[in-house]
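Examining the three-dimensional arrangement
Each chain, letter by letter, is given below.
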Amino acid sequence: MRKYLFFISIILISCQDEITLALPQAENKIVVEATIEQGYPPYVILTKNQGYFDPINSETFSNIFITDAESIRVFYKDDNNLVVESKDLELIPADLTEAITGEPFPIYTVVNDIGEFLDTTTNNNYNFSQAGRTYYLEIVWNNQLITSQTTIPNPTPLDCLWVEQSETAEK
């Protein structure tokens, strides 16, 4: 029995080869994380992509975010394909986002008429974002135009609700 274990261990130990993958360098691209929800202002977080095997250190977090977008605009159109309303998004200062989220994320969002960022934690009656509308996003960064579109779906009302207790549930 020891002979078999010895031969198996020699085979397994001797069959180790180091594999080096020569992967091409990924092209630098922008990563857009955007949200628009009924009753709330839109917001956008812009980051740069990173290679899978790139090292991660203390500089990675601060260098991955994009804070120099030339313009970010969200709008919707009417049936004649004319822009009805448009909102320019501005960068929230890092100290303000840290107070709200606990982290200094660079977030682009809507500023009200007197230059204040909207407080969405207390109410959700922002009239720009409505169900059933199709919204368009245009970002200009480094002479690139990035576009996107989405539709806020109409909510489906609940017609009934029931609860069943599982036989295995603890009381």
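Residues numbered from 1 in each chain as written. Predicted model: local features only at pLDDT ≥ 70, side-chain atom pairs only at ≥ 80, totals over all residues. Heavy atoms only, no water.

1. Things to note about the pattern of salt bridges
Using the criterion set out here, one finds two salt bridges in the structure. The partner of arginine 73 in a salt bridge is glutamate 138, and the shortest N-O contact between them spans 3.4 Å. With arginine 73 in strand E3 (residues 71–77) and glutamate 138 in strand E6 (residues 134–141), this residue pair connects regions lying 65 residues apart in the sequence. Residue glutamate 138 is classed as partly exposed on the basis of its relative accessible area of 26%. Measuring nitrogen to oxygen at the nearest pair gives 3.5 Å for the salt bridge that ties glutamate 85 to lysine 87. (Salt bridge = Lys/Arg side-chain N within 4 Å of Asp/Glu carboxyl O. Helix = DSSP H or I, 4+ residues; strand = E, 2+ residues; numbered from the N terminus. Buried < 20%, exposed > 50% of the residue type's maximum accessible area, 1.4 Å probe, protein only.)

2. Concerning the sheet that holds strand E4 (residues 83–91)
Taken together, seven strands build an open sheet; the order of strands is E1-E2-E5-E4-E3-E6-E7 and the sheet is antiparallel. Single-partner strands in this sheet number two, and they are strand E1 (30–35) and strand E7 (144–151). Here the average twist between neighbouring strands, direction ignored, is 25°. Two elements, strand E2 (residues 43–48) and strand E5 (residues 108–110), share two bridges in a ladder whose sense is antiparallel. Residue pairing across strands places tyrosine 43 opposite threonine 109, the latter belonging to E5. (Pairing = 2+ DSSP bridges. Axes fitted to C-alpha atoms, helices over the stretch in contact; angles between N-to-C directions.)

3. With respect to the side chain of threonine 47
Take threonine 47: it is sitting in strand E2. If we ignore the near neighbours within four places in the chain, the residues touching threonine 47 are Lys29, Ile30, Val31, Glu33, Ile64, Phe65 and Ile66. (Contact = heavy atoms within 4.5 Å.)

4. A look at the packing of aromatic side chains
Per the stated rule, a full pass over the model turns up four aromatic pairs. Linked through ring pairs, Tyr76, Phe128 and Tyr135 together constitute an aromatic cluster. Lying across the ring of tyrosine 136, lysine 77 places its NZ or CZ 4.7 Å from the centre. For arginine 133, the ring lying beneath its charged end belongs to tyrosine 76, and the centroid distance is 4.0 Å. (Phe/Tyr/Trp six-rings, centres within 6.5 Å; stacked < 30°, edge-to-face > 60°. Lys NZ or Arg CZ within 6 Å of the ring centre and 35° of its normal.)

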